[in-house]
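Topology and contacts: notes
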Amino acid sequence: GYYPKDSRLSIAVNNAANRIFSMGQSSHRLGDFNTAMTYYKMLLIENKVDSQLRNVVSRYNVLAENGSKLLTVSGYVSNSKKASTASKSWNIALEGKLVFPNSSNINNAVEDAAQRLLKLARSYQRSGNKSGALTYYNMIINENAVLNDTKDLAHMYSKQLLSNFIPTVYIDPGHGGSDPGAQSSNVTEASLNLSTANYLKNYLESKGYNVVMSRNSNNFLSLAERAQEANELKVDAFVSIHYNAMGIPNSTASGIETYIYHRVASGFGQENNRDNFNTDNSRINESLLLADKTHANLISSTGLYNRGVKGNNFHVVRETNIPAVLYELGFMDNATELAKIRTSQYQKTAAQAIGKGIVQYFNQLK
Ligand SMILES: [Zn+2]
């Protein structure tokens, strides 16, 4: 107080402050919250203490006020992971964020907890508990510690709760222009994809949906452009239309397979075991729900062989921040199958099967 400009005394004040802070933390670790708060408050009311230190102390003081013990980074991470409810997991992760604001492990725990909350909220939404769902979506939207992609997802889910909500579906006919995709007997995959996608567009528009097409003609688009546009437009679902080919002579491979994003350990390759899909992640979980509904319709209405719903590291299902599904609607290099899938009758049937599944998916969210 006598020598306010003397830097040696500022250093002495902050050294003493750090000792007081340590005393507070010791009591706090032992669960003696009142003593901890007494030390913390000594620092919080003293403006000669460095403001950065006081910011840190104020976060610890919030925890002591809440009766929350101090843990290590790994303590917060493991307690958040094994918490019995999504809300507890979320609160523990956020406490960890208060104590360790720059820890990437804590940031990951916050994200994991946010995903748990999103999944729970989504199930509330499906069972008609709209206010419960909205509460969780808003918790995520309003929390700075959460990644923007996760907040965007929460925002999209909450928008779907509105009574006047109309889904917007991004339809991506694969390939096009300089990239014809698979080719067989003078038929290009790009043209089959576009024709099928147009039938799907018509079906969804007849149901009152908004549709955005990645391409309306035979032009080239990179994979990145497709995913990016869907993300920027904040659409409600992304579906990519493809036809298959084995790429070997006299192939007899046949049937329909439907993909969601999954990365196998080696990077590229398909995952056929759905137990391995990362459904802890809300976007992946929603992608699987959408894939299952549409795929079941495809098999029952086309009668084609069921190759299943699979996971793969395809660009457009990986880089989209929204539920995303990619369809392989039959094999072009199987002569028997090509004769069927090149007909407009087949393409219309397949498109409507997908469209009906999409409508079923969104109707469950009302
Ligand atoms: Zn393709």
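Computed from a predicted structure; not experimentally measured. (Residues numbered from 1 in each chain as written. Predicted model: local features only at pLDDT ≥ 70, side-chain atom pairs only at ≥ 80, totals over all residues. Heavy atoms only, no water.)

**Overview of helix H14 (residues 344-363)**
Two residues of an α-helix separated by three or four positions point the same way, owing to the 3.6 residues in each turn. With 20 residues, H14 extends 28 Å between its outermost C-alpha atoms, agreeing within 8% with the 28 Å of an ideal straight helix rising 1.5 Å per residue. Listed in full, the buried residues belonging to H14 are Tyr346, Gln347, Ala350, Ala351, Ala353, Ile354, Gly355, Gly357, Ile358, Val359, Tyr361 and Phe362. (Helix = DSSP H or I, 4+ residues; strand = E, 2+ residues; numbered from the N terminus. Expected span 1.5 Å × (residues − 1). Buried < 20%, exposed > 50% of the residue type's maximum accessible area, 1.4 Å probe, protein only.)

**Details of the domain arrangement of the protein**
According to the domain assignment, the protein consists of domain 1 (7-65), domain 2 (73-159) and domain 3 (168-363). Computed over C-alpha atoms only, the centres of domain 1 and domain 3 are separated by 58 Å. (Domains from an automatic or database assignment.)

**Let's talk about the coordination of the zinc ion**
Note on the zinc ion: its protein donors are His175 (NE2), Glu189 (OE) and His242 (ND1). The metal-donor distances range over 2.1 to 2.2 Å. Written as a sequence motif, the donor residues of the zinc ion are H-x13-E-x52-H. In this pair, His175 is assigned in the loop between strand E1 (168-173) and strand E2 (183-184) and Glu189 in helix H9 (residues 189-206), connecting sequence segments 14 residues apart. Each member of the pair His175 and Glu189 is classed as buried. (Donors = N, O, S within 2.8 Å, 3.2 Å for Na, K, Ca; no water.)

**Regarding the side chain of His242**
Inspection of the secondary structure puts His242 in strand E5 (residues 237-244). Here the side chain of His242 touches Ser240 through a polar contact of 3.2 Å, side chain to side chain. Apart from the residues within four sequence positions on either side, His242 is in contact with Gly174, His175, Glu189, Asn193, Leu326, Tyr327, Glu328 and Leu329. (Polar contact = N/O pair within 3.5 Å; in protein donor to acceptor, adjacent residues only side chain to side chain. Contact = heavy atoms within 4.5 Å.)

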